[in-house]
There are 2 protein chains.
Amino acid sequence: MEQELIESFKKIVGAAHAITDQASIAPYLIEERGLFHGKTPLLLRPSSTAEVSSIMRLASQTCTPIVPQGGNTGLVGGQQPDENGCGVLLSMERLNKIRCLNLEGNFAVVEAGVILQNLQKKVNESGRFFPLSLASEGSCQIGGNLSSNAGGTAVLAYGNMRELCLGLEVVLPDGRILDDLRFVKKDNSGYDLKNLFIGAEGTLGIITAAVLKLFPKPKGKAVSLVGLCSPAKALEFLSFAQCHGGAMLTGFELMGKLSLQMALDYKMCERSPLEHKHEWYVLINISSLQSDEEALSVLSVILEESLKNAVIEEAVVAQSLKQQDFFWQLRESISSAQKLAGGSIKHDIAVPLASIPDFIAEAARIVEDIAPGARVVCFGHMGDGNLHYNITQPIGVDTAAFLQLWSQMNHRIHSLVMHYQGAFSAEHGIGQLKREELRAFKSPVALDMMQGIKKMLDPLGIMNPRKIL
Amino acid sequence: MEQELIESFKKIVGAAHAITDQASIAPYLIEERGLFHGKTPLLLRPSSTAEVSSIMRLASQTCTPIVPQGGNTGLVGGQQPDENGCGVLLSMERLNKIRCLNLEGNFAVVEAGVILQNLQKKVNESGRFFPLSLASEGSCQIGGNLSSNAGGTAVLAYGNMRELCLGLEVVLPDGRILDDLRFVKKDNSGYDLKNLFIGAEGTLGIITAAVLKLFPKPKGKAVSLVGLCSPAKALEFLSFAQCHGGAMLTGFELMGKLSLQMALDYKMCERSPLEHKHEWYVLINISSLQSDEEALSVLSVILEESLKNAVIEEAVVAQSLKQQDFFWQLRESISSAQKLAGGSIKHDIAVPLASIPDFIAEAARIVEDIAPGARVVCFGHMGDGNLHYNITQPIGVDTAAFLQLWSQMNHRIHSLVMHYQGAFSAEHGIGQLKREELRAFKSPVALDMMQGIKKMLDPLGIMNPRKIL
């Protein structure tokens, strides 16, 4: 990259925020899974929408690729520049203002660089609730949550990021600012533009701010860890919990026995909160706008009926806030726990609820066929049909050799998912990791429309190139 | 239109369903408000997605404009051909199959021509619930509901049509079929295509089928008609009802005193269900997954607290299913009642909740300024900030002369709405009626993006031309 161009970018954000020193850039280039090793000559850290706009104007004049990055917690490499090193990395971390909290209207206007946990806290203090909740909430940013249409554990009751967003402010690839911030739930004035950018992983423009929905704050919670014998029983349990609990059912996470065991080991627990061992577990969360007592009473009916009808085998209800948190920590630590067990080939899939038992049975046969002895760590947001179907290497084999099976395994598992008309990327997106899968599984008409949209908004191809498409 | 072309269209759908007889076509050209008087040489009634695809292929080869029509209940002329008479009208009424009801997965696959009420009934019989509810539900069709992103009374708890839809099947203007039917809630595999077509009023393609979300069926309901003194009090009442009732609050409709009086007159009721007269009324609906008793108990707390705190002045709880229906009929009959009172200039607006009281006060001054003596009939879905701010002619003046004020009135009221960062078309869309308003109030960047999308998908401009843009 020519020095003159670097100087022009510097002028926009100030010398302190246009970084060329590779040691300072290095942390931005490390990603969670260690799969991608991008390079960049320049890191920009703008502090305002106007600066982002100037950056994109200059980028489009000079045909410079720009890679936007939020909290750098993405799992498919969407936030990483590629290895050819010609893209400028644009960190959104300094656009971190909560512009307004409107409590009567139940919305917040939030800049892209706000860390999710900071927003959760601020909203909570104001007596409202923002439901998005992810394992990475302490570092992920709202802009990244939007660009990846983040899901997590609260989708069941509140929807994913797409459904939590009323409007956006976006800097387009040519530097123009689209002000589509909307403060009302209903607005049918023309085509829906915001949903093009949500889930587009920064390939169509840079989200700089958003209007997000707020909700009444639940006053009570009840949590239980449940043991049961099969995914079919878990499905029956879910169905009853939904019909009885309705919107009070705010979490329903499935965990295979190995998932829970790994989490318990990771947390250094000598024994499980449940008395017996089971093939499958469910973490169920009930929220109440009234009180802990109401939440507990609804949970109790669900558990008692399900025990009576032999839908579940055993249940333990958390007896304190601390124990509730502990149950959730078990669930949230599965991914970290899995790292200690060696290499893992991962899937982030969704199938229609009714197909989950069949999918799990058939997928196990595929795994055994491709990698005999590999350990299935299956867990996830069962209420959404979304499973993290991860496969950890057999004990004692060479990690690198096992990971060589990644594409083959992915392709077989994803083919099964598509057979059930599911999704081969339910919540993590496409990024760099699943571009081939997109080409393999998406219909040609859909791919063609996507390419048309990309070309219309980013004719120069400078906006996070070689991601998704 | 040349006879040869008509014959070619006939071959696709069969002679019985390619209609040129103007007397048979006439009912399709009459619309609710009597504002639009379109013409067409040909009405086509295809029965399958494949036939729609063939029609569009022929239309694009011959550059023939196609105007898709659902139940013909739209209020902005989006479903009507224009007066130049060169567009073919395409009725979706024969694509009326419910392809599947999946109860475990809580979704239905429904063709575009299915009448909303038929779907509601079928789903209800199966033990589930489809929440979309509109005054026109007996004749409007799912395809139209999607194309207009229909709202109605249940948006408060369940969202609008956009949020009720998981995926679409669409015939593109060139005849290709986009199969974006999805059976899972989470799918982050590439750009969101379905939301482009939802709310696009048939200008980007023809929706032929959709996957719709189903919900657990509420087992209980409680309904009350409430009198209160001002919109500010109604806002306070809403806020309390939301925090206490949460997802159980499934209806919150505001009605000005004139709205209720007109509805009572229309229903030939000698007296109101309430003992006293009030300036404003709210119809509040509480649903329960458990029982009528639970719904009533939640409603009672909301009413008692609000009476105690002087938020509301009086409340009457419906004592039977019949009375519940009657309260809702009052609300639903306001539009019909208004017709009997002469000409009306209508607005379908949304403003942020906190701005509703100020909006109502200021809008009244605008009305009095433009049309002294005109009667404000203000009612709507207050929980969504969405009001039908309608203005009925002063008693005794000439209707046509009053209706001459339509544009002027619209423009002043909509300017006020935009001052509050609201929506000048909250749920009815743009169609033919609000094209000028769109040009006046939408940002140039948004308009430019919309034009780009239109051009990309419909380069010949044959898909429902001169609607929206």
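None of the values given here were measured: they were computed from a predicted structure.

A.B. asks: I'm lost on the overall build of chain A in this one. Help?
C.D. replies: Tallying secondary structure elements over chain A gives 18 helices and 19 strands in all. In terms of overall size, chain A behaves like a compact globule, its C-alpha atoms giving a radius of gyration of 23 Å where 469 residues would be expected to give roughly 23 Å. Its C-alpha atoms give chain A principal-axis dimensions of roughly 70 × 55 × 45 Å. Counting every position in chain A, which comprises 469 residues, the buried fraction comes to 62%. Across chain A, every contact between residues at least 6 apart in sequence was considered, and the portion connecting residues at least 24 apart equals 74%. For chain A, the computed accessible surface area is about 17000 Å², with 52% contributed by carbon and sulfur atoms. Between the centroid of the 43 positive side chains of chain A and the centroid of its 49 negative side chains there is a distance of 4 Å.

A.B. asks: Would you take a moment to explain the nonpolar core for this structure?
C.D. replies: Generally speaking, nonpolar side chains in soluble globular proteins are found buried as a group. Counting 93 residues, the largest nonpolar core has Phe197(A) and Phe197(B) as the members making the most contacts within it. If near-sequence neighbours (up to four positions away) are discounted, Phe197(A) is found in contact with Leu146(A), Ser147(A), Leu168(A), Val170(A), Leu172(A), Leu178(A), Leu204(A), Gly205(A), Ile207(A), Leu457(A) and Met449(B). Membership of the second largest hydrophobic core comes to 50 residues, among which are Ile302(B), Val351(B), Cys378(B) and Trp406(B).

A.B. asks: Where do I start with the sheet that holds strand S6 (residues 107-111) of chain B in this structure?
C.D. replies: Hydrogen bonds along the backbone pair up the strands of a sheet, which may run parallel or antiparallel. Residue and element names in this part refer to chain B. Across the sheet, five strands lie side by side as S5-S6-S10-S8-S9; this open sheet has antiparallel pairing. Two strands close off the open sheet at either side, each with one partner strand: strand S5 (98-102) and strand S9 (177-180). Strand-to-strand, the axes of this sheet are offset by a mean angle of 15 degrees, without reference to chain direction. Across the sheet, helix H3 (residues 49-62) is in contact with S5, strand S8 (165-171), S9 and strand S10 (206-213); its angle to S8 comes to roughly 50 degrees. Helix-sheet contacts for helix H4 (residues 116-125) involve S5, S6 and S10, and the interaxial angle to S5 is about 35 degrees.

A.B. asks: Can you walk me through the packing of helix H1 (residues 3-13) of chain B against H3(B) in this structure?
C.D. replies: To describe two helices that pack against each other, one gives the angle between their axes and the distance between the axes. Residue and element names in this part refer to chain B. It is at 9 Å that the axes of H1 and H3 come closest, and there the two elements cross at 165 degrees. Comparing their axes, H3 and H1 come out roughly antiparallel. Two packed elements cross with a definite hand, and for H1 against H3 that hand is right-handed. Contacts between H1 and H3 pair Leu5, Ser8, Phe9, Ile12 and Val13 from the former with Glu51, Ser54, Ile55, Leu58, Ala59 and Thr62 from the latter.

A.B. asks: What's the story with the packing of aromatic side chains in this structure? I'm lost.
C.D. replies: Geometry of an aromatic ring pair is reported as the spacing of the ring centres plus the angle between the planes. Residue and element names in this part refer to chain A. Enumeration over the complete set of coordinates arrives at twelve aromatic pairs over all chains. A centroid spacing of 5.5 Å and a plane angle of 65 degrees characterise the contact between phenylalanine 129 and tyrosine 158, whose relative ring orientation is edge-to-face. Pair noted here: phenylalanine 129 is in strand S7 (residues 128-129) and tyrosine 158 is in helix H6 (residues 155-158), with a separation of 29 residues, a long-range link. Its relative accessible area of 24% is what places phenylalanine 129 among the partly exposed residues.

A.B. asks: Help me understand the interface of chain B and chain A in this model?
C.D. replies: A common way to state how big an interface is: give the accessible area lost once the parts meet. Counting residues at the interface gives 82 residues for chain B and 82 residues for chain A. Between chain B and chain A, roughly 6500 Å² of surface is buried when both sides are summed, and carbon and sulfur atoms account for 59% of that area. For the chain B face of the interface with chain A, the top three residues by lost area are Lys186(B), Asn188(B) and Tyr191(B), together amounting to 16%. Ionic pairing is found between Lys213(A) and Glu163(B), a salt bridge with its closest N-O pair at 2.9 Å. Our count for the chain B to chain A interface comes out at 34 residue pairs in polar contact (both at pLDDT 80 or more). Going through the elements one at a time, helix H6 (155-158), helix H7 (161-164), S9, helix H8 (194-197), helix H9 (231-245) and helix H18 (444-457) of chain B are the ones with two or more residues in the side of chain B that touches chain A. Of the residues forming the side of chain B that touches chain A, the biggest block, ten residues, is contributed by H18(B).

A.B. asks: Would you mind going over the sheet that holds strand S1 (residues 18-19) of chain A with me for this structure?
C.D. replies: All names here are of chain A. Across the sheet, four strands lie side by side as S1-S2-S4-S3; this open sheet has mixed pairing. The open sheet has two free edges, formed respectively by S1 and strand S3 (66-69), since each of these has just one partner strand. Sheet analysis places S1 next to strand S2 (residues 43-44), joined by two bridges and oriented antiparallel. Note that in S2 the partner of alanine 18 across the bridge is leucine 44. Each of S2, S3 and strand S4 (88-91) is contacted by helix H3 (residues 49-62), which is oriented at about 155 degrees to S3, the strand it contacts most.

A.B. asks: Could you clarify how one ought to interpret the packing of helix H18 (residues 444-457) of chain A against H18(B) in this entry?
C.D. replies: For the pair H18(A) and H18(B), the least separation of the axes is 10 Å and the interaxial angle reads 140 degrees. If you check the angle between H18(A) and H18(B), you find them oblique. H18(A) and H18(B) meet at a crossing whose hand is right-handed. Across the interface between the two elements, Met449(A), Gly452(A), Ile453(A), Met456(A) and Leu457(A) from H18(A) touch Met449(B), Gly452(B), Ile453(B), Met456(B) and Leu457(B) from H18(B).

A.B. asks: Got a minute to help me understand the environment of Glu368(A) in this structure?
C.D. replies: All names here are of chain A. Topologically, glutamate 368 is positioned in helix H14 (residues 356-370). Overall, the relative accessible area of 43% leaves glutamate 368 in the partly exposed class. Note: C-alpha distance between glutamate 368 and glycine 246 (122 residues apart in sequence) is 38 Å.

A.B. asks: Any chance you could explain the pattern of salt bridges here in plain terms?
C.D. replies: Pairing is possible between side chains of opposite charge, provided their charged atoms come close. All names here are of chain B. A full pass over the atoms with the stated rule returns 44 salt bridges over all chains. One salt bridge in this structure joins lysine 10 and glutamate 7, with 3.9 Å as the shortest N-O distance. Note that lysine 10 and glutamate 7 are positioned in helix H1 at a spacing of three residues, about one turn of the helix. Taking the relative accessible area as the measure of exposure, glutamate 7 reaches 35% and is therefore partly exposed.

Reading guide: rules and limits
- Residues numbered from 1 in each chain as written.
- Chains lettered and ligands numbered in written order.
- Predicted model: local features only at pLDDT ≥ 70, side-chain atom pairs only at ≥ 80, totals over all residues.
- Heavy atoms only, no water.
- Helix = DSSP H or I, 4+ residues; strand = E, 2+ residues; numbered from the N terminus.
- Rg over C-alpha atoms; globule rule 2.2 N^0.38 Å.
- Buried < 20%, exposed > 50% of the residue type's maximum accessible area, 1.4 Å probe, protein only.
- Contact = heavy atoms within 4.5 Å.
- Areas by Shrake-Rupley, 256 points an atom, 1.4 Å probe, with all protein chains shown as cover.
- Lys, Arg positive; Asp, Glu negative; His and termini not counted.
- Charge placed at Lys NZ, Arg CZ, Asp CG, Glu CD.
- Core = buried A, V, L, I, M, F, W, Y, C linked by side-chain atoms within 4.5 Å.
- Pairing = 2+ DSSP bridges.
- Axes fitted to C-alpha atoms, helices over the stretch in contact; angles between N-to-C directions.
- Parallel < 35°, antiparallel > 145°, perpendicular 65-115°, else oblique.
- Left-handed = near helix turned anticlockwise from the far one by under 90°.
- Phe/Tyr/Trp six-rings, centres within 6.5 Å; stacked < 30°, edge-to-face > 60°.
- Buried area = accessible area lost by both parts, 1.4 Å probe.
- Salt bridge = Lys/Arg side-chain N within 4 Å of Asp/Glu carboxyl O.
- Polar contact = N/O pair within 3.5 Å; in protein donor to acceptor, adjacent residues only side chain to side chain.

Any functional reading would require information that these geometric values do not contain.
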